[in-house]
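# Structural characterization, general
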Amino acid sequence: MTPILFFGRVGERLGPEGSFDLPSEGLTVREIRNLLAERDEVAADALLRPDVRASVDMVVVSEDSLARPGQEIAFFSLFSGG
Amino acid sequence: MALDVRLISTPLSAPAELEAFLAGRTGDGAVVTFTGLARGTGKDGSFVETLTLDWYPGMTERSMQDIAEAVAARFPVTDLVVVHRCGEIVPGETIVFVAAAAAHRREAFAAADYLMDRLKTEAAFWKRETGPSGTRWIEPVDEDRAALARWKDETP
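Here the structure is a predicted model, which means the values were calculated and not measured. (Residues numbered from 1 in each chain as written. Chains lettered and ligands numbered in written order. Predicted model: local features only at pLDDT ≥ 70, side-chain atom pairs only at ≥ 80, totals over all residues. Heavy atoms only, no water.)

Residue and element names in this part refer to chain A. Per the counting criterion, the structure on display carries 17 salt bridges over all chains. A salt bridge links arginine 49 to aspartate 45; the shortest N-O distance between them is 3.4 Å. For aspartate 45, a relative accessible area of 35% translates into the label partly exposed. Here the salt bridges do not stand alone but share partners, grouping Arg13, Asp45 and Arg49 into one network. (Salt bridge = Lys/Arg side-chain N within 4 Å of Asp/Glu carboxyl O. Buried < 20%, exposed > 50% of the residue type's maximum accessible area, 1.4 Å probe, protein only.)

Here we come to the interface of chain B and chain A. At the junction of the two partners, chain B supplies 20 residues and chain A supplies 19 residues. Across the chain B/chain A interface, buried area totals approximately 1,800 Å², and carbon plus sulfur atoms make up 58% of it. Considering only the surface of chain B that becomes buried against chain A, Tyr56, Trp126 and Trp137 of chain B emerge as the three largest contributors, covering 39% of it. For the pair chain B and chain A, the number of links is 1 salt bridge. Residue arginine 9 of chain A is joined to glutamate 139 of chain B by a salt bridge in which the shortest nitrogen-to-oxygen separation is 3.3 Å. On inspection of chain B and its partner chain A, the count reaches 11 residue pairs in polar contact (both at pLDDT 80 or more). Top contributing element to the side of chain B that touches chain A by residue count: helix α3 (residues 105-122) of chain B, with 4 residues. Split by residue class, the side of chain B that touches chain A holds 12 nonpolar, 3 polar and 5 charged. (Contact = heavy atoms within 4.5 Å. Buried area = accessible area lost by both parts, 1.4 Å probe. Polar contact = N/O pair within 3.5 Å; in protein donor to acceptor, adjacent residues only side chain to side chain. Helix = DSSP H or I, 4+ residues; strand = E, 2+ residues; numbered from the N terminus. Nonpolar A, V, L, I, M, F, W, Y, C, P; charged D, E, K, R; others polar.)

In this structure the tally under the stated criterion is 8 aromatic pairs over all chains. Taking 5.5 Å as the distance between ring centres and 70 degrees as the angle between the ring planes, the aromatic pair formed by phenylalanine 79 of chain A and tryptophan 126 of chain B counts as edge-to-face. Residue phenylalanine 79 of chain A is found in the segment after β7 (73-76), and its partner tryptophan 126 of chain B is found in strand β7 (residues 125-131); the two belong to separate chains. Chaining the aromatic ring pairs together yields one cluster made of Phe7, Phe76 and Phe79 of chain A together with Tyr56 and Trp126 of chain B. If you follow arginine 25 of chain B out to its NZ or CZ, it ends over the ring of phenylalanine 21 of chain B, 4.2 Å from the centre. Positioned above the aromatic ring of tyrosine 114 of chain B is the side chain of arginine 74 of chain B, whose terminal nitrogen or guanidinium carbon lies 4.6 Å from the ring centre. (Phe/Tyr/Trp six-rings, centres within 6.5 Å; stacked < 30°, edge-to-face > 60°. Lys NZ or Arg CZ within 6 Å of the ring centre and 35° of its normal.)

Residues and elements named next belong to chain B. Residue placement: threonine 94 occurs in strand β6 (residues 94-102). Overall, threonine 94 belongs to the buried group, its relative accessible area being 11%. Residue contacts for threonine 94: discarding those within four places in its chain leaves Leu12, Thr35, Gly36, Leu37 and Arg85.

All names here are of chain B. With respect to topology, 4 strands assemble into an open sheet ordered β1-β4-β6-β2, the strand pairing being mixed. The sheet is open, and its two borders are formed by β1 (2-8) and β2 (30-37), each paired with just one other strand. Between one strand axis and the next, the sheet turns through 5 degrees on average, direction left out of account. Pairing of β1 with strand β4 (residues 77-85), which is carried by 7 bridges, proceeds in the parallel orientation. Pairing of valine 5 across the sheet is with valine 82, part of β4. Running over the sheet, helix α2 (residues 59-74) touches β1 and β4 and is turned about 155 degrees from β1. α3 rests against β2, β4 and β6 of the sheet, and its axis sits at about 145 degrees to β6. (Pairing = 2+ DSSP bridges. Axes fitted to C-alpha atoms, helices over the stretch in contact; angles between N-to-C directions.)

The structure is reproduced here in structure tokens:
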């Protein structure tokens, strides 16, 4: 299982960390987001928002970016800034 | 040229940071600093008991470092320090301290100003205020975005 990190409003709803069975060939951020959202209504409400962004290995990426097992994946609400 | 970028979860002393930044500095004519404090009232005037800054270990530090490097590339500063708190902060405590050293004051003022405008909008933090009526998330406001947009039309 690949850990998925959640921050900001997403972390408030889903907790700081979830896990996901990521196939060896990887999935796009969009696919991971949609599969996580299918788990329950809370996940869908927390993740299926246009202002929720994703990062792979700590770099903010687009929905089409591929994530593979072993990479660090996170979903979060907009940065507040410092 | 030295960039000193730190994320800390313990109290931040602006006087101690400034003293360390000034020590032994003989080649620069100007040091400009900014100290950001946690306010005891929210935007709507409500009472704030604590301000909490959530962070993504590794990514938040990287975002601060990227901003500091962009400032150093844009302005002729000799040294920069950026120290930012994370975790729970109470009103009156220092959240952020920045200092810019340069040969002359204008470059130091501009560098500190630009650094703060970028930190306020782009740093990887999630901020929330807790008061008697509960907790609410804080996001960049239009003034923060407008402050950053000013720099797009200016040459350093």
